[in-house]
Amino acid sequence: MIAPETPFRKPLKRRWLPVEMTTPPMLPEPGDAIPLESHYALLINPFYPKDPAASFGKHVLTPSLALISFAATTPDHWRIRYWDENLLDGLPPFNPIPQVVGITVHLTFAARAYELADWYRRRGAKVILGGLHVLSCPEECGPHADALALGDGVQLWPRILRDLERGCLQSRYAAGYENDYSDDPPPRRSILPRRGFLTTTSLIATRGCHNRCGFCYLATDGLRMPYRMRDPRLVADEFAADNQPYAVFIDNNLGSRRDYLRALCRALRPLNKIWSAAVSIDVTDEPGLIREMALAGCTGLFIGFESLSDDNLADARKKTPKTSDYARRVSLLHDYGIQVNGSFVLGFDHDRRDVFARTAEWVEENHLECATFHILTPYPATPLFRQMEAEGRLLHRDWSLYDTAHAVFRPRHMTPEELEQGYGWIYQRLFSHRSIWLRRPDEWRAASLYLAMSYLYKRSNRFWHLLIKHDLVHTVWSPLVELTRVRHVHYRARLLRKDEACLTAGSVVSAGV
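Residues numbered from 1 in each chain as written. Predicted model: local features only at pLDDT ≥ 70, side-chain atom pairs only at ≥ 80, totals over all residues. Heavy atoms only, no water.

Draft legend 1. How the structure looks around the overall build of the protein. Across its full length, the protein holds 17 helices and 14 strands. In terms of overall dimensions, the protein is globule-like: its C-alpha atoms have a radius of gyration of 23 Å, near the 24 Å expected for 513 residues. Buried residues in the protein amount to 56% of all 513 residues. The long-range share in the protein, meaning contacts at least 24 apart out of those at least 6 apart in sequence, stands at 75%. Here the protein displays about 22,100 Å² of accessible surface, and carbon together with sulfur accounts for 54% of that area. (Helix = DSSP H or I, 4+ residues; strand = E, 2+ residues; numbered from the N terminus. Rg over C-alpha atoms; globule rule 2.2 N^0.38 Å. Buried < 20%, exposed > 50% of the residue type's maximum accessible area, 1.4 Å probe, protein only. Contact = heavy atoms within 4.5 Å. Areas by Shrake-Rupley, 256 points an atom, 1.4 Å probe, with all protein chains shown as cover.)

Spelled out as structure tokens, the structure:
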């Protein structure tokens, strides 16, 4: 048992955090005139400060799929380049100056996005801002852009470039998400710096989610994202074409339509590759579906448990099974060799000071291989933001701190300082030697890979800093990923043999069972 007061008994250890992980490179002052290159587009994912409590590795797991998705619609006579400031490669390209710069904007790095936008505009580039923060706060973003892209960039980007060439660029472009998702071209991965990411195969098969949680960005005012699915064969072809052993599905909820997920598993199964995805825990309503996912190569699931309190989940309007049934469902996933990364939100209105100890204890008891924590954060233009604003509980509007690692509102049953202390403590606890060892799988071959990846992911931020800085992320991770893939292919063969044996036995004794 972990005592409820344990997280507050002593100050947290100071975490190592180099300046490169907190501060973006300084943009140079104006000097000699730099030529502008016509028909050259630069796409930028801006820098954001890293949380030392979590793993630096999560920032280089996969590239920004949004940027390379609409890059695929760029006409052939344009030169296009991708730049992610979080790969620590220094200043973004500026010689020559691109004719157009597209910048994705999230509220936590909005200030950096504006800084980049203003810098390029002063040098003659046309700047297009897009992303969720542009949709939720267009009046704030507008002064920093020549045009705002509100909605689906895949539809908007070719229109923007066409108008730019004609000299009739509009100040705003808008598109919804009602189009046939299978019509979208595959992302343009050829522009990616492949060595900087664990895998460049970030895939998306579906858009939207059957939940509309009040704290989720999908509940943003003005965002209507009906559930859309791509042809499973197109997804499998895209996976195969990138020639990577491992893919990450970045769908909000890959399991919202179970009939679709079954069809997708059938398309992925012949590839003999591995993948992970985000789903809600109700996907375990059908054990047969979990078996199909395992046979198709699923090795890990990111599951938004959010809370161990049914009252919190009801307040958040999340449709989910009872929390008392979570443990059984996690066990079912483990039975099919699928690791679980549980996501938890801390600071709901029914959370008290004991929530940190209770959550950590539950994660360890149920052997979750990984856990991710977020302080409840009211994103602008969401129902949660409106509630906090109406109740006078917002502490400020410094968007850089709306990163789920800081308390930006007054919790109901603890202080903001206690919420941040508990958040830091639970990461420290779950990343400790003791906790990593407690949560190891029973099977020794799985345990060895789990321990290797856990220590690299959870306890190696100094190492991660060097890997990112020297473009070694893919090089170091690849052997572990390939070992995992080979092991999982053998596991699938054993699972099939086991099923065949059960079927044979069942044909003899089923009447008496």
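Draft legend 2. Geometry of the environment of Ser324. When you line up the elements, Ser324 lands in the loop between helix 9 (310–315) and helix 10 (326–335). A C-alpha to C-alpha distance of 8.1 Å links Ser324 and Leu308, two positions 16 residues apart in sequence.

Draft legend 3. Focus on helix 8 (residues 287–295). Within helix 8 the residues assigned to the buried category are Leu289, Ile290, Met293, Ala294 and Leu295. Backbone geometry just after helix 8 places Gly297 at a positive phi near 110 degrees.

Draft legend 4. Focus on the sheet that holds strand 4 (residues 126–130). The sheet built from six strands is open, its strands ordered 2-1-3-4-5-6 with parallel pairing. Both outer strands of the open sheet, strand 2 (79–84) and strand 6 (172–175), are each paired with one neighbouring strand and no more. Across the sheet, the mean angle separating the axes of adjacent strands is 20 degrees when strand polarity is ignored. With four bridges connecting them, strand 5 (residues 147–151) and strand 6 associate as parallel partners. Counterpart to Gly151 in the pairing with strand 6 is Ala175. Relative to strand 3 (residues 97–104), helix 2 (residues 110–122) is tilted by about 165 degrees, and along the sheet it contacts strand 1 (36–45), strand 3 and strand 4. Sheet strands in contact with helix 5 (residues 153–166) are strand 1, strand 2, strand 3, strand 4, strand 5 and strand 6, and its direction is about 150 degrees off that of strand 6. (Pairing = 2+ DSSP bridges. Axes fitted to C-alpha atoms, helices over the stretch in contact; angles between N-to-C directions.)

Draft legend 5. Just the sheet that holds strand 13 (residues 339–346), in detail. Taken together, the six strands give an open sheet; going across it, the order is 7-10-11-12-13-14, and neighbouring strands pair in parallel fashion. Each edge of the open sheet is held by one strand with a lone partner, namely strand 7 (202–203) and strand 14 (370–375). The pairing of strand 13 with strand 14 spans six bridges and is parallel. When the sheet's bridge partners are listed, Val345 is paired in strand 14 with His374. Most of the contacts of helix 10 go to strand 12 (residues 298–306), to which it runs at about 170 degrees, and overall it touches strand 12 and strand 13.

Draft legend 6. Representation of the nonpolar core within the structure. Membership of the largest hydrophobic core comes to 79 residues, with the highest contact counts inside it found for Phe249, Trp275, Met293 and Phe305. Beyond its immediate sequence surroundings of up to four residues, Phe249 is in contact with Leu203, Ala205, Val235, Leu254, Leu264, Leu268, Trp275, Ser276, Ala277 and Ala278. Grouped together as the second largest cluster of nonpolar side chains are 46 residues, Val100, Leu161, Leu164 and Leu198 included. (Core = buried A, V, L, I, M, F, W, Y, C linked by side-chain atoms within 4.5 Å.)

Draft legend 7. Up close: the packing of aromatic side chains. If you walk through the whole model with that rule in mind, you get 19 aromatic pairs. Residues Phe8 and Phe356 carry aromatic rings whose centres are separated by 6.0 Å and whose planes lie at 75 degrees to one another, so their mutual orientation is edge-to-face. Of the two residues, Phe8 sits in the segment before strand 1 while Phe356 sits in helix 11 (residues 355–365), which places them 348 residues apart along the sequence. This pair shows no difference in class: Phe8 is buried, exactly as Phe356 is. (Phe/Tyr/Trp six-rings, centres within 6.5 Å; stacked < 30°, edge-to-face > 60°.)

Draft legend 8. Representation of the pairing of strand 2 within the structure. Pairing analysis gives six bridges linking strand 1 to strand 2, with the strands arranged parallel. Bridge assignment links Leu43 to a residue of strand 2, and that residue is Tyr82.

Draft legend 9. Representation of helix 15 (residues 444–458). In a regular helix each residue adds 1.5 Å, so 15 residues correspond to 21 Å; helix 15 covers 20 Å between its end C-alpha atoms and thus fits that length. All buried positions along helix 15 are accounted for by Ala446, Ala447, Leu449, Tyr450, Ser454, Leu456 and Lys458. (Expected span 1.5 Å × (residues − 1).)

Draft legend 10. Region of the structure containing the environment of Tyr177. Inspection of the secondary structure puts Tyr177 in the loop between strand 6 and strand 7. Tyr177 sits in the buried class, given a relative accessible area of 14%. Taking the C-alpha atoms as reference points, Tyr177 and Asp152, separated by 25 residues in sequence, lie 6.2 Å from one another.

Draft legend 11. Expanded view of a positive patch on the surface. A cluster of basic residues, Lys10, Lys13, Arg15 and Arg459, forms a positive patch at the surface. Structurally, Arg15 is set in the segment before strand 1. Arg15 gets classed as partly exposed once you look at its relative accessible area, which sits at 31%. (Patch = residues over 30% accessible without salt bridge, like charges linked within 9 Å, V, L, I, M, F, W, Y side chains within 5 Å. Salt bridge = Lys/Arg side-chain N within 4 Å of Asp/Glu carboxyl O. Lys, Arg positive; Asp, Glu negative; His and termini not counted. Charge placed at Lys NZ, Arg CZ, Asp CG, Glu CD.)

Draft legend 12. Molecular detail of the state of the cysteines. A full pass over the atoms with the stated rule returns zero disulfides. Cys298 provides the cysteine sulfur closest to Cys370, a residue in no disulfide bond, and the two sulfurs are 15 Å apart. Since its relative accessible area comes to 13%, Cys370 is described here as buried. (Disulfide = S-S within 2.5 Å.)

Draft legend 13. Structural view of the environment of Ile68. Looking at the element boundaries, Ile68 is found in helix 1 (residues 65–71). Take Ile68: its relative accessible area is 0%, and that puts it in the buried class. Discounting residues that sit within four places of it in the chain, Ile68 has contacts with Tyr82, Pro187, Arg188, Arg189, Ile191 and Leu192.

Draft legend 14. View of the pairing of strand 13. Along strand 13, seven of the eight residues are buried, which leaves the element largely enclosed by surrounding structure. At this point the chain moves from strand 13, through helix 11, to the parallel strand 14, and the crossover so formed is right-handed. (Right-handed = clockwise from strand over helix to strand, strands pointing away.)

Draft legend 15. Geometry of unusual backbone geometry. Here the amide bond leading from Asn95 into Pro96 is cis, since omega sits at 10 degrees, within 30 degrees of zero. Its place among the elements puts Pro96 in the loop between strand 2 and strand 3. Of note in this structure, Asn272 is not a glycine but carries a positive phi near 55 degrees. Overall, the relative accessible area of 37% leaves Asn272 in the partly exposed class. With phi around 65 degrees, Arg317 is a residue other than glycine that occupies positive phi space. In this fold, Arg317 is placed in the loop between helix 9 and helix 10.

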